[in-house]
Amino acid sequence: MRRATFRYPAPSRPANVAPMKTALQTIAGFDRIGEENAFAVLARAQELAASGRDIINLGIGQPDFRTPENIVEAAIRALRDGHHGYTPATGLPQLREAVAADLHRRFGVELSPGNIIIVPGGKVTMFAAILMLGEPGADILYPDPGFPIYRSMIEFTGARPVPVPIREENGFAISAEEVLSLLTPRTRLLILNSPANPCGGVTPKAEIDRLVQGMAEHPKLAILSDEIYDQMLYDGQTHTTLLAYPEIRDRLILLNGWSKTYAMTGWRLGWSAWPDALFDKVRKLAVNAWSCVNAPAQYAAIEALTGPQDAVAAMVAEFDTRRKLVVELLNQLPGVSCVTPKGAFYAFPNISGTGFKAKDLASKLLEQAGVATIGGPDFGTLGEGYIRLSYANSQDNIRRAIDRMHDFLGERG
Ligand code: PLP
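This is a predicted model, so every value here is computed, not measured.

A. Examining the packing of aromatic side chains more closely. If you walk through the whole model with that rule in mind, you get 13 aromatic pairs. Aromatic pair F65 and F319: ring centres 5.6 Å apart, planes at 70 degrees, arrangement edge-to-face. Of this pair, F65 sits in the loop between β1 (56-57) and α3 (69-80) while F319 is found in helix α11 (residues 310-330), placing the two residues 254 residues apart along the sequence. Relative to Y346, the ring of F345 lies with its centre 5.0 Å away and its plane at 55 degrees, an arrangement referred to as tilted. This pair shows no difference in class: F345 is buried, exactly as Y346 is. One aromatic cluster in this structure is built from F65, Y229, F319, F345, Y346 and Y391.

Right under this line is the structure:
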């Protein structure tokens, strides 16, 4: 007797549902996702160096210092002590408490550890925040020139990216009035970054006060404040954190981490503060995406925050010396002028007088002069006419790099 073969009925597809994609087709967002060209430049610089060329890398934004020894030791100890398993998705409770205590120590800010999540790197917070709040029909404001992942992620979600111009004539700080003039009922999220990558600008407290005051008229607006360079400040400036404004706490996401302050870029370690209404969502995203940050790195992070801070002070003092050096030398180059950056570890010289387009100059400097920099347009349309140099490199290398730039520009001048 032949057995009847059971067939599942073909599911009926409502008219408004897109047809099934083939195996290699992706959702539209993946056609729009961008990247960070600093990693491509790093790869090319390493390739040239491997072929025997002497390359000076002022491209990638990471401290050239080792992670302080007490922090490394804490990670090794954690491994020896058997901390090999998962931690809570939101991070070790004692680490979340250490972050809250550090904020209180540095800014007098009260933040509940219950609003803090430990994440694998600073970038993860912008990924999570933009993914959560971006969608077609919403506008997201972001700095231009700015960290390239903001725009990439905004486009990924289908939201409309609205650039906030960062201008040289304003010392690369944002203007509160200009930002407020760009807000509309469609603006879902405002991304701020101070001290800033790539321009080194720092937004003065008075501008932040004015901005926060103006936000009262836009109660539906959320804010993502990227404060990852909050300790990289010079000339006696102090950092103003957006956490110091209780009136926006219920719609503020704050991005920070260990990468820059403690020279820990490769550890992939960050933290963020989330309002009550979003915290459980980011916790669930963690459970779905990364489970938790690796355990020994979290023990290292506790040591970073609670141990001696002199290595940070020494690193910032050295960056300050290099900052002055880099600006002085860049201003001697033909066709180049450079405002003094106030924070982070980047110089953003105006190269429009050299006659080169920015990306062309960056590419020629790497291929012909052996100096890796990043073209300004990699940070946004307003970056044309500028290149970014990271001065997280030795004074000696900075001198050699700018000498080479001098020869290159002089020969073509
Ligand atoms: N935010 C800004 C402004 C940055 O410049 C960077 C790194 O360059 C990050 C966030 C990301 O930091 P992390 O390496 O911890 O992901």
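That shown, we press on.
B. Quick peek at the sheet that holds strand β3 (residues 139-144). Taken in spatial order, the seven strands of this open sheet run β2-β8-β7-β6-β5-β3-β4, and their pairing is mixed. Lying at the two open borders of the sheet, with one neighbouring strand each, are β2 (116-119) and β4 (160-165). Averaged over all adjacent pairs, the angle separating strand axes in this sheet is 20 degrees, with direction ignored. When strand β6 (residues 222-226) meets strand β7 (residues 252-257), the two strands line up parallel, connected through four bridges.

C. Seen up close, the domain arrangement of the protein. Domain annotation of the protein identifies domain 1 (30-66 + 310-411) and domain 2 (85-306). A C-alpha centroid distance of 25 Å is found between domain 1 and domain 2. Contacts between the two partners involve 38 residues from domain 1 and, on the opposite side, 36 residues from domain 2. Summing both sides of the interface, domain 1 and domain 2 together bury roughly 3100 Å²; the carbon and sulfur share of this comes to 60%. Counting the surface domain 1 buries against domain 2, the share from its top three residues, R32, K342 and F379, is 19%. Here domain 1 is connected to domain 2 by two salt bridges. With a closest N to O distance of 3.0 Å, R323 and D235 form a salt bridge. Taken together, domain 1 and domain 2 are joined by 20 residue pairs in polar contact (both at pLDDT 80 or more). Elements that contribute at least two residues to the side of domain 1 that touches domain 2 include exactly α1 (29-32), α11 and β9 (346-347). Top contributing element to the side of domain 1 that touches domain 2 by residue count: α11, with six residues. Its residues assigned to classes, the side of domain 1 that touches domain 2 comprises 20 nonpolar, nine polar and nine charged.

What counts, and at which threshold
- Residues numbered from 1 in each chain as written.
- Predicted model: local features only at pLDDT ≥ 70, side-chain atom pairs only at ≥ 80, totals over all residues.
- Heavy atoms only, no water.
- Phe/Tyr/Trp six-rings, centres within 6.5 Å; stacked < 30°, edge-to-face > 60°.
- Helix = DSSP H or I, 4+ residues; strand = E, 2+ residues; numbered from the N terminus.
- Buried < 20%, exposed > 50% of the residue type's maximum accessible area, 1.4 Å probe, protein only.
- Pairing = 2+ DSSP bridges.
- Axes fitted to C-alpha atoms, helices over the stretch in contact; angles between N-to-C directions.
- Domains from an automatic or database assignment.
- Contact = heavy atoms within 4.5 Å.
- Buried area = accessible area lost by both parts, 1.4 Å probe.
- Salt bridge = Lys/Arg side-chain N within 4 Å of Asp/Glu carboxyl O.
- Polar contact = N/O pair within 3.5 Å; in protein donor to acceptor, adjacent residues only side chain to side chain.
- Nonpolar A, V, L, I, M, F, W, Y, C, P; charged D, E, K, R; others polar.

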